[in-house]
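This is what each chain is made of:
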Amino acid sequence: MKSFIAALVQTILVSLAIIFTAFLIPTPLFCILILVLVPLALLIRWLVFKKNKGTIFLTVFSIIALLFFALCLESNPYTFSSGLSKKGNEDMQRGFDSLTASQAMSDLDFVMHRVKKIHPAAYKKLPKTLSREWEKVRDELEGKKERKEEISKIELAQKIEGILSLLNDAHTNVSFSFVDSRYLKHVYAHTQAKDTLISVNGKTKREIFEENRNLFSTENDEYAISRIGNYVTSIEGLSYLNLVPESLPVTELFDEETAKEMSAEFAPAYTYTFEHVDGSQETYAYPLSDFVSYDEYMAFNSGDNSEEESDKAEAQPSSFVHYEINADDSIGIFTLDSCIFNDVYKSTLKSFFDDVKEKKIRNLIVDLRNNSGGNSLVANEFLRYTNTYQYRECACDHRMGPFTRHFPSYTVKNERYEGYNFDGKIYVLTSVHTFSSAMMFAMYIKDNNLGLVVGEASGNNPSSYGDVVQFRLPESRLYMQVSWKKWYRIDESKDGQLIEPDLPVKADDALSYVTELIAGPKLPAPEPVDFENAETDTESDSAPNEPKN
């Protein structure tokens, strides 16, 4: 009886291990198969040997189970990931806080260990360029250690990103969001006015990018340039981009009374040039005192929302997904700002196609211009409402620790929803902000010849890396993410190319362009005719529709 209980307990434990490894983490198939054999062998052991004669087998199979369970954990890219952690940035402190060289080296080694273990490009060994840069940075930190010098968290982020950017993987990077960051309090006003950032300290966004190219993990330069604006809103971001304040006369920065009270004639400040909606440009000088904490930023801008602006904001769709129907021109516009595959998305999508069906809409516009990605299943769900019988999925490689597995491209039978069979035209709007899963959505449509892409090229490449694992670096608490899959474009003839639009047009004009294309030119209304005073043709007795001889 004791032998039976021991076998039963062991079987339960191993079964739980199988469930854990098979359903919760990516596991090489042969590992799962061997683990499946373990409880079966334990049961046979008890049936055949009954009592103590099976103790050796129990021990052997227990060891095998533990070894394979450990192997599965080692193969799992999410082991020790902090991506699901609820802990926020409270322990990150300020970006200018210093670390010892030893602490910096610890974080650097942590990063490279994760890259070696997880990233597909580092399977078997690191790329040479990456390895050389890592050794170079490590030597620099060794020198700082000997000189007992320290390094700020922002400087460490620069050095680590300088290594990771060599992977040419927009998904693998290091970033920061410090708890005590200082934000430019005037940003909100420029955003509300729809101003476009042109330059900082006289340098255009492109010039800033070119000077700091190694600080961006990107597959499309335009995508990296579009992100410059996210950095220059804070002191920490400006420092990361090596932008230092200029020394400007206090009379240009402060009111007359404040300037008189200041002991110095000059003060550090940043200059920003914006383009207004009317096309004019204006340069603003902001002293360091205009960079405030988040709470101060919110307090400063809390009074800027007039009732009119609040009403406008409330009138705008708040969800990440919404749609509108133009029955007169037979157009349905489905806007998806994030690839979130949840009940909200699915119910909104169903409502959209219910209206499309009821109103016999023949043209669908899917707006992905502001979509930075998420879950690629949103595209598969969308196609279930169309008459597409089958479509091609892209190939991919899965990196699982010491293993890698290739999944070739294959044809998927579209599990169409009963009662839905949209067979009209589909247009997908894209921009440089169309990234990751949103880019894949556009690829499904373009490479399967299901519709047309309109706008600008995508933010990243279909033949690229993705599906990230997230970590917090142990010492600096910087945020790090690493890809563990490699994707291949569906249309192999376009491997290495961005999703280029079939109809190239400026992203801001893409929606109006397509709607006008579908609706056709609007003919001007005829001029009203005053029939009482109109001249009559007395030379002909022809009927109104008869030709004259």
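Criteria and thresholds
Residues numbered from 1 in each chain as written. Predicted model: local features only at pLDDT ≥ 70, side-chain atom pairs only at ≥ 80, totals over all residues. Heavy atoms only, no water. 1 Å grid on protein atoms, 1.4 Å probe; cavity = no way out; pocket = protein on both sides within 12 Å on 5 of 7 lines; lining within 4 Å. Points joined across faces, edges and corners; volume = space filled by probe spheres on them. Helix = DSSP H or I, 4+ residues; strand = E, 2+ residues; numbered from the N terminus. Nonpolar A, V, L, I, M, F, W, Y, C, P; charged D, E, K, R; others polar. Salt bridge = Lys/Arg side-chain N within 4 Å of Asp/Glu carboxyl O. Buried < 20%, exposed > 50% of the residue type's maximum accessible area, 1.4 Å probe, protein only. Core = buried A, V, L, I, M, F, W, Y, C linked by side-chain atoms within 4.5 Å. Contact = heavy atoms within 4.5 Å. Polar contact = N/O pair within 3.5 Å; in protein donor to acceptor, adjacent residues only side chain to side chain. Phe/Tyr/Trp six-rings, centres within 6.5 Å; stacked < 30°, edge-to-face > 60°. Lys NZ or Arg CZ within 6 Å of the ring centre and 35° of its normal.

Focus on the layout of surface pockets
Considered as a void within the structure, the second largest pocket measures approximately 750 Å³ in volume. Elements that contribute at least two residues to the lining of the second largest pocket include exactly strand E3 (173-175), helix H9 (221-226), helix H18 (437-447), strand E20 (465-472) and strand E21 (479-487). In terms of residue count, the dominant contributor to the lining of the second largest pocket is E20 (five residues). When the residues that make up the lining of the second largest pocket are grouped by side-chain class, the tally is 10 nonpolar, 18 polar and three charged.

Re the pattern of salt bridges
One pass over the full model with this rule turns up 21 salt bridges. With a closest N to O distance of 3.6 Å, Lys185 and Asp290 form a salt bridge. Placement of the pair is Lys185 in the loop between strand E4 (183-184) and helix H7 (187-192) and Asp290 in the loop between strand E9 (281-287) and strand E10 (291-292), with a sequence separation of 105 residues. Taking the relative accessible area as the measure of exposure, Lys185 reaches 17% and is therefore buried. For Asp290, a relative accessible area of 11% translates into the label buried. Between Lys260 and Glu256 there is a salt bridge, and its shortest N-O distance comes to 3.4 Å. One end of the pair, Lys260, and the other, Glu256, are both in helix H13 (residues 256-261), four residues apart, so they sit about a helical turn from each other. Three or more residues joined by partner-sharing salt bridges are found here, namely Asp109, Arg138 and Glu142.

What about the nonpolar core?
Counting residues in each nonpolar core, the largest one holds 56 residues, and the members touching the most others are Val232, Leu241 and Tyr272. When residues of this core are assigned to their parent elements, the largest contribution, eight residues, is made by helix H4 (residues 101-118). Filtering out sequence-adjacent residues up to four positions away, Leu241 remains in contact with Ile208, Asn212, Phe216, Ile228, Tyr231 and Val232. Formed by 40 residues, the second largest nonpolar core is a distinct cluster that contains Val356, Leu368, Leu383 and Ile445.

Structural notes on the environment of Asp467
Structurally, Asp467 is set in strand E20. Sequence-distant contacts of Asp467, defined by excluding residues within four places in its chain, comprise Val482, Ser483, Trp484, Lys485 and Trp487. Within the structure, the side chain of Asp467 is placed 2.8 Å from the side chain of Lys485, a separation counted as a polar contact.

Description of the packing of aromatic side chains
One pass over the structure, following the stated rule, counts 28 aromatic pairs. Between the aromatic rings of Tyr272 and Tyr286, the centroid separation amounts to 5.9 Å while the plane-to-plane angle is 55°, which identifies the pairing as tilted. Note that Tyr272 is positioned in strand E8 (residues 266-275) and Tyr286 in strand E9, a separation of 14 residues in sequence. Residue Tyr272 shares its accessibility class with Tyr286, and that shared class is buried. Through pairs of rings, three or more aromatic residues link up here, namely Tyr323, Phe334, Phe341, Tyr345, Phe352, Phe353, Phe382, Tyr385, Tyr417, Tyr420, Phe422 and Phe441. Cation over ring: Lys357 sits above Tyr420, and NZ or CZ is 5.4 Å from the ring centre. When the ring centre of Tyr417 is taken as origin, the NZ or CZ atom of Arg384, which lies over that ring, is 4.0 Å away.

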